[in-house]
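So you can see what is in the structure, the chains are spelled out below.
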Amino acid sequence: MSSLSLTLYHIYALIIKELLATLKDPKSRVILIVPVLVQGLLFGYTATYNLEHVPYAVVDEDHSHESAEFLSHLDGTGIFERVATLSSPQQISQVIDNQQAMLVLTIPSDFSKNLHAGKTAPVQTITDGRNPSTAGLAAGYVSSIATAYNQKRSGQQSLVEIRSRIWYNPNNITRHMFLPSLIPMLALTQVLILAGLSVARERENGTFDQLLVTPLTPLEILIGKAVPPILIGLVQASLMLCLVLFWFKIHLVGSLAVLYLTISIFLVSCVGLGLSISAVAKNMQQVMVYCFLFLLPMILLSGLATPIRNMPPVLQYITYINPMRFAIEAIRRIYLEGAGLSTVAPAYIPMLALAAVTLPLAAWLFRHKLS
Amino acid sequence: MSDIIMIQAHHLTKQFPARPSSPAVTALSTLNLTVKKGTLTALIGPDGAGKTTFMRLVCGLLQSDSGSLSVCGYDVQQSPQAVQDRIGYMPQKFGLYEDLSVMENLTLYADIHSIPPDLRQKHFRELLDLTGLSPFTARPAGKLSGGMKQKLGLACTLVSTPDLLLLDEPTVGVDPLSRRELWHILHTLSEEKSLTVLVNTSYIEEAEQCQYAYILHKGQLLADGTPESLLQYARGRCYAVRVPQGMPPRFIQSWLLDDRHVVMDAVPEGSQVRFTVSSRQLPNHLLLQNYLPGAVITPVSPRLEDSFMILLRKAGSTEEETPGMPSLPKVPPAISGDTIIEAHDIVRRFGSFVAVDHTSFSVHKGEIFGLLGPNGAGKSTTFRMLCGLLSASSGTISVYGVNLRTARARARSYIGYVAQKFSLYSTLSVYENLCFFGRAYGLAAHKLQERIETVAGQFHLNNCLSMAAGSLPGGYKQRLSMAAALLHDPPILFLDEPTSGIDPLARRTFWRQITGLAARGTTIVVTTHFMEEAEYCDRIMIQDRGRLIAIGTPSAIRHQGGDSPTMNEAFIHIVETGRQKEDS
């Protein structure tokens, strides 16, 4: 065999061996499937900033046709659910305190009178400030309902009207932004841990010496160890993608090919980090500690949950060495906005640059730390 | 010695139920055993004989299934705490705290046993003097040598001044010098302090130093008695055959062992090969005489080991199946003297510590070359440098004419390597393991299948090709490791402590395999801590404190070691002389 085909044959042998070793171990088989499903579903249902269910109570002191009409607007949204109809304002504190209602609406007895007189009719909302963001959202919803009610009653347009259109996510459902970002996040977790454990496991089992006395070169071992986690990461990304597409029914706007290309490049940039960890760590326990040391900041600084623009400038600069930041940005754009290759390609540059640093670093560590 | 009985076991039985990974095991079956106060008693037997199980029962750490066991006058099942207050138990892996110093470890164990502070100083001094650890009280336990760790373990066990001392294989992995010192301590304890000691050991010559010995095998008691009385099993059955000039003793041993129904055991020893036969009379014709017509055979006096081997052979091998042995040529191939491995002035430093110091030697084509030395002598480091697992700090190593520094990957294609611990992929099947290692050595397609078939046949692995390697029994695992190492038919085979942890019968079988391999021209480099295994080698090299102190044929080494009768003594002699020279 020529030296190139021998090298390829060696790498092939290593990849087969790594995949078999990972897939034949019942413990790692579970790790491959379950966390993706559990985390996918968990994030899908918990990571949302939308308010879909507002329990409220009402004190209607007016008991008029108008007050009933106003309340029917609220009930008609499907979001507001009336849990109590109070007879006096004294009862308000009770329903708020025991968290029965998030919001209490008080319609004063002169509500219809004022309306008929063409005067402003105040309606009071009391919200539970122990959870300010939800309270704020709920109060905001009430005022937009009131605005709509005003227009309908008066039949005339207000002078300035804000018509907001949210592009790429017309219904402003935060889940749409969250779930596609989970595709790279879950793949990252897995690739980092799999690549990290690959050498440490062999070292613990004593198989690494056996590997090192074969004619396999460190570079061959490096490539042979890098490819299987990437393949497994891609399978997991696909699993998550299916979950997003078919369970949460979020439509993929962009091209599937570009999405996969992006994920692949992202995984290549991560695997070098995992392998470097593997070469440095003395045992599997250390690998896990190192992995979490890297994972948490990578996720926090990626813009997955909180906007990067809100971070202090120093941290914003740090995000530039985080491949996760670019991956999430690129994948959101492909998924939601349908961005093409030419649009997301610039994000590949930092990811590839990182790969160009971590992979040779891993190779160097392999050569120097392993023998 | 008094007649007070410290341990009395009657029909003691212990079974371990079946698990998914292993079938049910009867660890001890109806064992009767008595240990009298003030005696030194040995429990001998191969791995899996039930020795450790018995000790754990004595300590009350396990519950027996039936039978009775009383220790220090208490029923262990009824009052384990009363027993535990009176005994000292040193398991195989004693719980030393590696980051604590010698003194801190001792203090810790004194605290655990609530030894009053006023008694401690005197007691500690006695123990430290006894174990020779006084100069090292400030050294962290992790930095001690294997032998010193065992001595510290012993000292910690003795902190509570027990009436009965239980030692589980205290000398495993300990070099001959430290072993001798440890036994010296045990004798002192037994004679001067009249402490009762029960020792598990797989070294038969250690049992010879005890007053009483029990031979266990697969949970059954094969024999018991004083070492002297146990000799009866071998009396009149032991012979020695002189090794002709220029003939490797292992050939004669192999020819003897191949005579399976007549010869019970054979071991090379210097210029002769000792063997035992199944009947009380030497048969008229031995297979050996076909190869060596003028063999000079003389009767020799029996040893405990001879009895042990005869008893084991009669009880049946622990091996599931003995693989067919490679046939040997009628005339041993001559060793050409061509150099196949050359180490020139190699040095290996770890920080400021010099593990191997300016060492040069060469290995000849077709020979069996042994690396011997106490723990920490540098033999593992040398071995790892030779097979390319470690690079030398300076000096050059060439393997099969290839410089390890410049063409490491190519040099590695000429070697096969069997690690001390089973180190193939446990989750992969036997076949997948062989495929992987074959491919790693560049074997492909047809050639790969052909070689897998050959080695699987050679090592009798055909029936378990689809089994996960990790689920194989011990003997199979070793054969698989050998098969994987020989797939690419390497001219050189490296074996790291290949016989540690396997029973004496399997060890003979293993060496018989090696003799066959060497006869076909494979060069073999082997490390071992069984000194008697040096006799299988064509040449051996002894290192101490990183320096090469002796190299040559076993008989030359024996001569250098003051013409000692056993390799063990020769070894101790050479190491001690070397150290005296260095110190003076």
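Computed from a predicted structure; not experimentally measured.

1. Brief notes about the sheet that holds strand S4 (residues 124-127) of chain A
The strands making up a sheet associate through hydrogen bonds between their backbones, and the pairing can be parallel or antiparallel.
Residues and elements named next belong to chain A.
1) Next: Within the open sheet, the four strands sit side by side as S2-S1-S3-S4. Their pairing is mixed. The sheet terminates laterally at strand S2 (80-86) and S4, the two strands that pair on one side only. Each adjacent strand pair in this sheet contributes to an overall mean axis angle of 25 degrees, direction not counted.
2) Next: Note that strand S1 (residues 54-60) and S2 share six bridges and pair parallel. Opposite Val 58, over in S2, you have Thr 85 as the bridge partner.

2. Side note on the packing of aromatic side chains
1) Next: Scanning the entire structure with this criterion turns up 22 aromatic pairs over all chains.
2) Next: Ring centres of Tyr 425 of chain B and Phe 436 of chain B lie 5.8 Å apart, and the angle between their planes is 80 degrees; on these two criteria the pair is classed as edge-to-face. In this pair, Tyr 425 of chain B sits in the loop between strand S20 (415-418) and helix H14 (430-440) while Phe 436 of chain B sits in helix H14, placing the two residues eleven residues apart along the sequence. Residues Tyr 425 of chain B and Phe 436 of chain B agree in their burial class; the two are buried.
3) Next: For the ring pair Tyr 425 of chain B and Phe 437 of chain B, a centre distance of 6.1 Å and an interplane angle of 20 degrees mean the geometry is stacked. Of the two residues, Tyr 425 of chain B is situated in the loop between S20 and H14 and Phe 437 of chain B in helix H14; the sequence distance between them amounts to twelve residues.
4) Next: Counting every residue linked through ring pairs, the aromatic cluster contains Phe 70, Phe 111 and Tyr 149 of chain A.
5) Next: Sitting above the plane of the Tyr 320 of chain A ring, Arg 325 of chain A keeps its charged end 4.7 Å from the centroid.

3. Thoughts on helix H1 (residues 3-24) of chain A
1) Next: Its 22 residues place the ends of H1 of chain A 31 Å apart at the C-alpha level, agreeing with the 32 Å of an ideal helix rising 1.5 Å per residue.
2) Next: Summarising the contacts, the buried residues of H1 of chain A are in contact with helix H2 (26-46), helix H7 (174-205), helix H8 (207-212) and helix H9 (218-247) of chain A together with H14 and helix H15 (445-458) of chain B.

4. Details of a nonpolar patch on the surface
1) Next: A cluster of nonpolar residues, Val 30, Ile 33, Val 34, Leu 37, Val 38 and Leu 42 of chain A, forms a patch on the protein surface that exposes about 480 Å² of accessible area.
2) Next: On the secondary structure map, Leu 37 of chain A appears in helix H2.

5. Overview of the interface of chain A and chain B
1) Next: Contacts between the two partners involve 28 residues from chain A and, on the opposite side, 30 residues from chain B.
2) Next: Both sides together, the interface formed by chain A and chain B hides about 2,500 Å², and carbon and sulfur atoms give 61% of it.
3) Next: Looking only at chain A, the three residues that lose the most surface to chain B are Gln 210, Val 213 and Pro 215 of chain A, adding up to 26% of its buried area.
4) Next: For the pair chain A and chain B, the number of links is two salt bridges.
5) Next: A salt bridge links Glu 432 of chain B to Lys 24 of chain A; its shortest N-O distance comes to 2.9 Å.

6. What about the sheet that holds strand S8 (residues 196-201) of chain B?
Residues and elements named next belong to chain B.
1) Next: Spatial strand order, S6-S7-S8-S3-S9-S10: six strands in an open sheet with mixed pairing. If you trace the sheet from one side to the other, it starts and ends with strand S6 (87-90) and strand S10 (220-225), each paired once. On average, each strand axis in the sheet is tilted by 15 degrees relative to the strand beside it, whichever way the strands run.
2) Next: Here strand S3 (residues 40-44) pairs with S8 via five bridges, running parallel. Residue Ile 44 lies in a different strand from S8, and its bridge partner there is Thr 201.
3) Next: The strands touched by helix H5 (residues 146-158) within the sheet are S6 and strand S7 (164-168), with S6 carrying the most contacts at an inclination of about 160 degrees.

7. Some points on the domain arrangement of chain B
1) Next: Domain boundaries in chain B define domain 1 (5-229), domain 2 (231-321) and domain 3 (423-490).
2) Next: Computed over C-alpha atoms only, the centres of domain 1 of chain B and domain 3 of chain B are separated by 40 Å.

8. A few points about the pattern of salt bridges
1) Next: All chains considered together, the criterion is met by 32 salt bridges over all chains.
2) Next: Where Asp 111 of chain B meets Arg 120 of chain B, a salt bridge forms, and the shortest distance between an N and an O atom there is 2.7 Å.
3) Next: The class for Asp 111 of chain B is partly exposed, based on a relative accessible area of 44%.
4) Next: The residue Arg 579 of chain B makes a salt bridge to Asp 544 of chain B at a minimum N-O spacing of 2.7 Å. In this pair, Arg 579 of chain B is assigned in helix H19 (residues 567-583) and Asp 544 of chain B in strand S23 (residues 539-544), connecting sequence segments 35 residues apart.
5) Next: Taking relative accessible area as the criterion, Asp 544 of chain B reaches 5% and is therefore assigned buried.
6) Next: One continuous salt-bridge network, built from bridges that share partners, spans Lys 17, Glu 18, Glu 202 and Lys 225 of chain A.

9. Focus on the nonpolar core
Burial of nonpolar side chains together is a common tendency in soluble globular proteins.
1) Next: The biggest cluster of nonpolar side chains holds 160 residues, and the ones touching the most others in it are Met 482 and Phe 494 of chain B.
2) Next: Among the elements that take part in this core, H7 of chain A stands out by supplying 15 residues, more than any other.
3) Next: By size, the runner-up hydrophobic cluster in this structure holds 47 residues, among which are Val 102, Leu 127, Leu 189 and Cys 210 of chain B.

10. Overview of helix H11 (residues 284-300) of chain A
Owing to its 3.6 residues per turn, the α-helix brings residues three or four apart onto one side.
Residue and element names in this part refer to chain A.
1) Next: Compared with the 24 Å implied by 1.5 Å per residue over 17 residues, the 25 Å span of H11 between its first and last C-alpha is a close match.
2) Next: Residues of H11 that are buried include every one of Val 287, Cys 291, Leu 295 and Met 298, and no others. Projected down its long axis, H11 carries its buried residues within an arc of 70 degrees, all on one side. Exposed side chains of H11 directed beyond 90 degrees from the buried face belong to Gln 285, Val 289, Leu 293, Leu 296 and Leu 300.

Calculation criteria
Residues numbered from 1 in each chain as written. Chains lettered and ligands numbered in written order. Predicted model: local features only at pLDDT ≥ 70, side-chain atom pairs only at ≥ 80, totals over all residues. Heavy atoms only, no water. Pairing = 2+ DSSP bridges. Helix = DSSP H or I, 4+ residues; strand = E, 2+ residues; numbered from the N terminus. Axes fitted to C-alpha atoms, helices over the stretch in contact; angles between N-to-C directions. Phe/Tyr/Trp six-rings, centres within 6.5 Å; stacked < 30°, edge-to-face > 60°. Buried < 20%, exposed > 50% of the residue type's maximum accessible area, 1.4 Å probe, protein only. Lys NZ or Arg CZ within 6 Å of the ring centre and 35° of its normal. Expected span 1.5 Å × (residues − 1). Contact = heavy atoms within 4.5 Å. Patch = residues over 30% accessible without salt bridge, like charges linked within 9 Å, V, L, I, M, F, W, Y side chains within 5 Å. Areas by Shrake-Rupley, 256 points an atom, 1.4 Å probe, with all protein chains shown as cover. Salt bridge = Lys/Arg side-chain N within 4 Å of Asp/Glu carboxyl O. Buried area = accessible area lost by both parts, 1.4 Å probe. Domains from an automatic or database assignment. Core = buried A, V, L, I, M, F, W, Y, C linked by side-chain atoms within 4.5 Å. Arc of directions from axis to C-beta.

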